[in-house]
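# Per-entry structural report
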Amino acid sequence: MSRPIRSIIHYAALQHNLRVVQAKAKNAKLWAVVKANAYGHGLQHVFKTFRAADGFALLDLQEAQHLREMGWRGPILLLEGIFEARDLEVCSRLGLWHTIHNDAQIEMLAAHKTLQGHRVFLKLNAGMNRLGFDARQFRSVWARLNAMHQVEEISLLSHFARTESAQDVIESLRIFNEACHDLPGERSLSNSGAILAHQDVIAKESIADDWVRPGIALYGASPDAHTKTALEWGLLPAQSLRSQIIGLQRVSVGERVGYGSDHTAQENMLIGVVACGYADGYPRVLRSGAQVLFESGVRCNLFGRVSMDMLTINLNPALEKGLEPKIGAEVTLWGKTRNGIGLAIDEVAAHAGTIGYELMCAVAQRVPVEEDLEGF
Ligand SMILES: *Cc1c(COP(=O)(O)O)cnc(C)c1O
């Protein structure tokens, strides 16, 4: 048997989350955002459920090609647009829609020889100051694109810097409205945070958000777990990272565990060695305080530093429950146990000073993926 770590993708959860988001977004069309190999879930896995969406949004031309190869004939949007002139040939060939957010992309498009006009999404910088044209330039850029024979249709796109507060969303909407309220074309604004929390605010500003762009919510984590957890949003984890105990050590008071010898047992302990390390994508910054689920769901703390291929946990809570931990016993690092007990990826991420997004994207290539089709 291979090393026991697995990333399990729960198809029914992906499907459920898509429905939750669709219900929130009402009549809007929906791009399933599948950048970064579908947030680490595997494009081929999520495709089986997200083909029920209206389109796919991503960054990578190879991932776009992969979608076409899997038979997707509908819309695909490149969220960062093209990076070099020859990308336009791929856009023409595969019929990709692409974001225009800088002058260089316009120059390349103007020089592109194509019989088939492109659909482009012109991006407004609504205060995030990352990608996009600012409100002052927006109209002249729009007019220039509109005059180009390479352009068939222009849609308008913007991205919220902060969806934690309605006030920030309203401010971005105000900038958006000022820049382009009278320009024709479909609009695309909302990410998960805005879809879950601010659809009423957007409707009140009389902006038609024709295409919403959910990512994280589809995978069952929260865009802002401090304010509201995934569970509170009714979302289900679509990925579980599970492994097994491959070593057991009885440790007496005063003995030390792991690299750096900086974890000293304050009581007699049963230490479980789990086949999961930072080379699998489990954050090395995690220390005691962070928890895993032993077997059917006993919470056990990390004890000792995370190493490349292993981590160590204090199994005393399992002993206290009368369990006898054995080699091969299952450990869930995040997601849910076989009997459905959950450990939110956002909780683990918070201990690591980061967000669920980063953890799910960072699951390493060497971790085999297993499909859970239960309920799908
Ligand atoms: C990643 C991304 C999204 C999805 O964001 P979530 O917070 O995961 O919903 C939407 N729009 C753009 C432009 C993005 O880059």
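It should be noted that the structure appears before, not after, this text.
The present account deals with the structure reproduced in this document.

Cut-offs used in this document
Residues numbered from 1 in each chain as written. Predicted model: local features only at pLDDT ≥ 70, side-chain atom pairs only at ≥ 80, totals over all residues. Heavy atoms only, no water. Core = buried A, V, L, I, M, F, W, Y, C linked by side-chain atoms within 4.5 Å. Buried < 20%, exposed > 50% of the residue type's maximum accessible area, 1.4 Å probe, protein only. Helix = DSSP H or I, 4+ residues; strand = E, 2+ residues; numbered from the N terminus. Domains from an automatic or database assignment. Contact = heavy atoms within 4.5 Å. Axes fitted to C-alpha atoms, helices over the stretch in contact; angles between N-to-C directions. Parallel < 35°, antiparallel > 145°, perpendicular 65-115°, else oblique. Left-handed = near helix turned anticlockwise from the far one by under 90°. Nonpolar A, V, L, I, M, F, W, Y, C, P; charged D, E, K, R; others polar. Arc of directions from axis to C-beta. Polar contact = N/O pair within 3.5 Å; in protein donor to acceptor, adjacent residues only side chain to side chain. Phe/Tyr/Trp six-rings, centres within 6.5 Å; stacked < 30°, edge-to-face > 60°. Lys NZ or Arg CZ within 6 Å of the ring centre and 35° of its normal.

This part is about the nonpolar core. Counting 117 residues, the largest nonpolar core has Val34, Phe50, Leu145, Tyr219, Tyr282 and Ile313 as its most contacted members. In terms of residue count, the dominant contributor to this core is helix H1 (residues 11-25) (7 residues). Viewed by domain, this core spans two of them, domain 1 (11-219) and domain 2 (239-372), each represented by three or more residues. Dropping the residues within four chain positions of it, Ile313 is found in contact with Ile245, Leu270, Ile271, Gly272, Val274, Val292, Cys300, Asn301, Leu302, Phe303 and Val331.

The subject of this paragraph is the packing of helix H4 (residues 61-69) against helix H5 (residues 87-94). The contact between H4 and H5 brings their axes to 11 Å, and the two run at 15 degrees. Taken together, H4 and H5 sit at an angle that is classed as roughly parallel. Crossing of H4 over H5 shows left-handed handedness. In contact with Leu61, Ala64, Gln65 and Arg68 of H4, H5 contributes Asp87, Val90, Arg93 and Leu94. Classifying every residue of the contact of H4 with H5 by side-chain character gives 4 nonpolar, 1 polar and 3 charged.

Let us look at H4. Those residues of H4 that fall on the buried side of the exposure criterion are Leu61, Glu63, Ala64, Leu67 and Arg68. Angularly, the buried residues of H4 cover 160 degrees about the axis, an arc narrow enough to put them on a single face. Looking at H4, the residues exposed on the side facing more than 90 degrees away from the buried face are Gln62 and Glu69. Summarising the contacts, the buried residues of H4 are in contact with helix H2 (35-39), helix H3 (43-50), strand E3 (55-58), strand E4 (76-78) and H5. Between the side-chain oxygen at the start of H4 and the backbone nitrogen of Gln62 there is a gap of 2.9 Å, and the oxygen is on Asp60. Looking one or two residues past H4, Gly71 carries a phi angle of roughly 105 degrees, positive in sign.

Our focus in this paragraph is the packing of aromatic side chains. Within the structure shown, the criterion is met by 13 aromatic pairs. Arranged with centres 5.7 Å apart and planes meeting at 90 degrees, the rings of Trp31 and Trp97 form a pair that is edge-to-face. One end of the pair, Trp31, is in strand E2 (residues 29-33); the other, Trp97, is in strand E5 (residues 97-100), and 66 residues separate them in sequence. Between Tyr39 and Tyr357 the ring centres are 6.2 Å apart and the planes differ by 35 degrees, which places this aromatic pair in the tilted class. You can see Tyr39 sitting in helix H2 and its partner Tyr357 sitting in helix H13 (residues 356-362), a full 318 residues away along the chain. Overall, the relative accessible area of 6% leaves Tyr39 in the buried class. Here the aromatic residues Trp31, Trp97, Phe121 and Trp211 are joined through ring pairs into a cluster of three or more. Between Arg119 and the ring centre of Trp97, over which it is positioned, the NZ or CZ distance is 4.1 Å. Lying over the aromatic face of Trp233, Lys228 brings its terminal NZ or CZ to 4.0 Å of the ring centre.

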